[in-house]
Amino acid sequence: MPRSSWLHRDERVFGAAVYDRTMPYGLKRFQKAEVLHFITFSCFHRLPLLAAPEPKDTFEAVLEQIRARHQARVYAYVLMPEHVHMLVNEPPSILLAQFVKALKQTTSRKLKGDRERFWQERYFDRNIRGEAARSEVIRYIHRNPVKRGLVASPEQYTWSSFSHYATGLRGVVEIESDWTGSRPTHRNPLIAMMPR
């Protein structure tokens, strides 16, 4: 299937009518495959629990804390009112599922208040290989607030990695990009960044 086809198909899947269905069990997650992962997870019952600035600020702070602790690399992210998109690598010391679990548990403790739960249990994960697919997913992530009508252009949305790509400045979350890769003290690139 062409790369653009799965992104357009996934737009339908992420829509409320289809995305609210229960995720099937028994799906295989291919981890330790040295690829990037396009991750999506939703707030409990798709409620807009991330609509206000404060929970989004908290999520970004926790994401950076968990990213740094596990030496994960975040290539892009966006915090929507009721879900999160991220493009991440496989952290070297733990499984990706453990990384996502740590992120969701820590943010839930800080954000759920008297609610039963903050996040839906499962998460959506798609392996991303190659430079073209990586670039396409990053564009998709950054354009999500525009498609939803939250802003007129990606640079107007505060809670995403777009401003890093536009300016090279570091935000709350360290983003793996050509900007950070060109810093002399930066780490060597992962195999997932190398052309296949």
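Residues numbered from 1 in each chain as written. Predicted model: local features only at pLDDT ≥ 70, side-chain atom pairs only at ≥ 80, totals over all residues. Heavy atoms only, no water.

Colleague: Lay out the overall build of the chain with the relevant residues and their values.
Modeller: For the chain, the helix and strand inventory stands at seven helices and four strands. In the chain, buried positions account for 50% of the 196 residues. Intrachain contacts of the chain at a sequence separation of at least 6 include 73% that bridge at least 24 residues. Surface exposure of the chain reaches about 10,300 Å², of which carbon and sulfur atoms provide 54%. (Helix = DSSP H or I, 4+ residues; strand = E, 2+ residues; numbered from the N terminus. Buried < 20%, exposed > 50% of the residue type's maximum accessible area, 1.4 Å probe, protein only. Contact = heavy atoms within 4.5 Å. Areas by Shrake-Rupley, 256 points an atom, 1.4 Å probe, with all protein chains shown as cover.)

Colleague: Which residues make up the packing of aromatic side chains, and what values go with them?
Modeller: Under the definition given, this model contains six aromatic pairs. Ring geometry for F118 versus W119: centroids 4.8 Å apart, planes at 75°, classification edge-to-face. By relative accessible area, W119 is classed as buried at 5%. In textbook terms, an aromatic cluster arises when at least three aromatic residues are bridged by ring pairs, as seen for F41, F59, F118 and W119. Sitting over the face of the ring of W159, K56 holds its NZ or CZ atom 4.3 Å from the ring centroid. (Phe/Tyr/Trp six-rings, centres within 6.5 Å; stacked < 30°, edge-to-face > 60°. Lys NZ or Arg CZ within 6 Å of the ring centre and 35° of its normal.)

Colleague: Kindly report on the pairing of strand β2 (residues 74-79), identifying the contributing residues and their values.
Modeller: Judged by how many residues are buried, β2 sits mostly within the fold: six of six residues are covered. By the bridge criterion, five bridges tie β2 to strand β3 (residues 83-88) in an arrangement that is antiparallel. Bridging across to β3, A76 finds its partner in L87. Counted between consecutive antiparallel strands, the loop separating β2 from β3 contains three residues. (Pairing = 2+ DSSP bridges.)

Colleague: For the pairing of β3, give the residues involved together with the corresponding values.
Modeller: Both faces of the sheet carry side chains from a regular strand, because those side chains alternate between them. Where burial is concerned, most of β3 is hidden: six out of the six residues are buried. Alignment of strand β1 (residues 36-42) against β3, held across six bridges, turns out to be antiparallel. In the strand pairing of β3, F38 is matched with L87.

Colleague: So, the side chain of N89: which residues are in play, and what are the values?
Modeller: Mapped onto the fold, N89 is located in the loop between β3 and α4 (96-111). Owing to a relative accessible area of 2%, N89 belongs among the buried residues under this scheme. At 2.7 Å, the side chain of N89 forms a polar contact with the backbone nitrogen of R73. (Polar contact = N/O pair within 3.5 Å; in protein donor to acceptor, adjacent residues only side chain to side chain.)

Colleague: I'd like a rundown of the pattern of salt bridges, residues and numbers included.
Modeller: Taken as a whole and judged by the stated rule, the model has eight salt bridges. In this structure, E174 engages R170 in a salt bridge whose closest nitrogen and oxygen atoms are separated by 3.4 Å. What makes E174 buried here is its relative accessible area of 13%. Among the charged side chains, a salt-bridge network with shared partners connects E64, R67, R170 and E174. (Salt bridge = Lys/Arg side-chain N within 4 Å of Asp/Glu carboxyl O.)

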